[in-house]
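The chain contents come next:
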Amino acid sequence: MSGESRVGTGAPRGKVTAPAVVALKRKGEPIVVVTAYDFPTARYADEAGVEILLVGDSLGTVVLGYESTLPVTMDDMLHHVKAVTRAKPAAMVVADMPFMSYQVSTAQAVANAGRMIQEGGADAIKLEGGARVAEAVERIVEAGIPVMGHLGLTPQSVLAFGGYKVQARGEADQERLTADARTLERAGCFSIVLEGIPARLGATVSRELQIPTIGIGAGVQCDGQVLVTHDLLGLYQGHKPKFVRRYAELGEATRDAFARFLADVKRRAFPSDAESY
Ligand code: KIV
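Keep in mind that what you see is a predicted model, and the values were worked out from it rather than measured. (Residues numbered from 1 in each chain as written. Predicted model: local features only at pLDDT ≥ 70, side-chain atom pairs only at ≥ 80, totals over all residues. Heavy atoms only, no water.)

Peer 1: What is the right way to look at the site of the ligand in this model?
Peer 2: Near the ligand, the surroundings consist of T35, L54, G56, D57, S58, D96, K126, H150, V193, I216 and V228. Side-chain polar atom of S58 to an oxygen atom of the ligand: 2.5 Å apart, as the coordinates give it. Taking D96, its side chain carries an N or O atom lying 3.2 Å from an oxygen atom of the ligand. In the complex, 96% of the free accessible area of the ligand, which totals 260 Å², lies under the protein chains. The residue inventory of the shell around the ligand, partitioned by class, reads four nonpolar, four polar and three charged. (Near = heavy atom within 4 Å. Polar contact = N/O pair within 3.5 Å; in protein donor to acceptor, adjacent residues only side chain to side chain. Areas by Shrake-Rupley, 256 points an atom, 1.4 Å probe, with all protein chains shown as cover. Nonpolar A, V, L, I, M, F, W, Y, C, P; charged D, E, K, R; others polar.)

And the structure:
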């Protein structure tokens, strides 16, 4: 990324890279991340100037209709990563590694991370976990692939957590999470998502690391913020966590548009002469 920030101006900008994202932290400029799963959303978010498009495995819940992210496969992810990268965004495209695509072995993790880059055209990958994924992170980074970590309320561990609950409320868990964050930084991550943790812990971890933290339900002191686009746009009808701020009500607008089309067709008010050949 070159020159001064052009966030939100719609002005042309250079490709956002992992070192450029780290440089934003050094400059004290908050990093903006949204999820994208398709070509038009990638275009709109890129035109708005966001720095990172995350093709999250939240795909499973907000687009594919699953109750969790656990059923999402590599094929599902690649299908949507390709749609996003076809938009040729200046924003960095981070592809989320789905459940069971990196847990079996380090070799499996490197191979699947490579598919996200080679087949999907992604610029980086994201995976969940701390010390237990450190070796995989090291090998993926050695292969030349930037890695974003993910700590706290990691949705792929929903069964182990017993639900989507705020994590690391107690002192021991907070120390473990901080140690995991340091381990991921040492392993070579260029940034770490912190999800569903107390704001004070988000601030502490952000202060301790040289690499940026990207918060979601982790307080305002994180180095950047991410929201799931379907939450941000009011397109998701499921549970609305406390940390979600809606910037549009596109779900209601969409239902209203369909209802008006239906009414027009039923009363033969569509198409008009001007809309006919
Ligand atoms: O899958 C996803 O969208 C994510 C974000 C919530 C960080 O992991």
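Peer 1: Honestly, unusual backbone geometry in this entry has me stumped. Any pointers?
Peer 2: Peptide bonds are, in most cases, trans, and in most cases residues other than glycine have a negative phi. The step from F270 to P271 runs through a cis peptide bond, and the omega angle for that step is -5 degrees. Turning to its location among the elements, P271 is positioned in the segment after α11 (250-266). One non-glycine residue, M100, adopts positive backbone phi at about 75 degrees. Along the chain, M100 turns up in the loop between β3 (92-96) and α5 (106-118). If you check the backbone angles, R268 has positive phi at about 50 degrees while not being a glycine. Here R268 is to be found in the segment after α11. A relative accessible area of 77% means that R268 is categorised as exposed. (Helix = DSSP H or I, 4+ residues; strand = E, 2+ residues; numbered from the N terminus. Buried < 20%, exposed > 50% of the residue type's maximum accessible area, 1.4 Å probe, protein only.)

Peer 1: What exactly am I supposed to notice about helix α6 (residues 134-142) here?
Peer 2: At 3.6 residues per turn, the α-helix brings residues three or four places apart onto the same side. Within α6, the full set of buried residues consists of A134, A136, V137 and I140. Projected down its long axis, α6 carries its buried residues within an arc of 160 degrees, all on one side. Residues of α6 that are buried sit in contact with α5, β4 (124-126), β5 (147-152) and α8 (171-187). (Arc of directions from axis to C-beta. Contact = heavy atoms within 4.5 Å.)

Peer 1: I would appreciate a short explanation of the confidence of the model for the protein chain in the present structure.
Peer 2: Atomic detail in the predicted coordinates should be set aside for any region of low pLDDT. Per-chain confidence: the protein chain averages 96 in pLDDT, with 96% of residues scoring 70 or above. Contacts for the low-pLDDT stretch residues 1-5, under 50 throughout, to residues beyond four places or in other chains number nine contacts. (pLDDT = per-residue confidence, 0-100.)

Peer 1: Quick question: what am I supposed to make of the side chain of S58 here?
Peer 2: With respect to the helices and strands, the residue S58 is situated in the loop between β2 (52-55) and α3 (59-62). Polar contacts involving the side chain of S58 include one to the side chain of Y37, which spans 2.7 Å. Filtering out sequence-adjacent residues up to four positions away, S58 remains in contact with T35, Y37, V63, T69 and V228.

Peer 1: Explain the packing of aromatic side chains to me, please; I cannot follow it from the model alone.
Peer 2: Taken as a whole and assessed by the stated rule, the structure comprises one aromatic pair. Ring centres 5.4 Å apart and planes at 75 degrees place the aromatic pair F261 and F270 in the edge-to-face group. (Phe/Tyr/Trp six-rings, centres within 6.5 Å; stacked < 30°, edge-to-face > 60°.)

Peer 1: What is the right way to look at helix α9 (residues 199-208) in this model?
Peer 2: If you check which residues of α9 are buried, you get L201, G202, A203, V205 and S206. Looking at the packing, one finds that the buried side of α9 touches α1 (18-27), α8, β6 (191-195) and β7 (213-216).

Peer 1: Just checking my understanding: could you explain the pairing of β3 for this structure?
Peer 2: For a regular strand, side-chain orientation follows a simple rule: the groups alternate between the two sheet faces. Among the five residues of β3, five are classified as buried, and the element is accordingly described as predominantly covered. Here β3 shows two buried faces, one formed by M92, V94 and D96 and the other by V93 and A95. Bridging between β2 and β3 involves four bridges; their strand directions are parallel. Paired with L54 across the strands is V94, a residue of β3. (Pairing = 2+ DSSP bridges.)

Peer 1: What is the right way to read a nonpolar patch on the surface from this model?
Peer 2: A surface patch of nonpolar side chains, about 230 Å² in accessible area, is lined by V63, L64 and Y66. For Y66, a relative accessible area of 36% puts it in the partly exposed group. (Patch = residues over 30% accessible without salt bridge, like charges linked within 9 Å, V, L, I, M, F, W, Y side chains within 5 Å. Salt bridge = Lys/Arg side-chain N within 4 Å of Asp/Glu carboxyl O.)

Peer 1: How do you make sense of the nonpolar core when you look at a structure like this?
Peer 2: Across soluble globular proteins, nonpolar side chains show a tendency to be buried alongside one another. Counting 54 residues, the largest nonpolar core has L53, M116, I125, L127, I192 and L194 as the members making the most contacts within it. For this core, the element with the highest residue contribution is helix α4 (residues 74-85), accounting for five residues. Residue contacts for M116: discarding those within four places in its chain leaves M74, M77, L78, V81, A95, D96, M97, P98, G121, A122 and I125. Counting 18 residues, the second largest nonpolar core, distinct from the first, contains V16, L54, A124 and V226. (Core = buried A, V, L, I, M, F, W, Y, C linked by side-chain atoms within 4.5 Å.)

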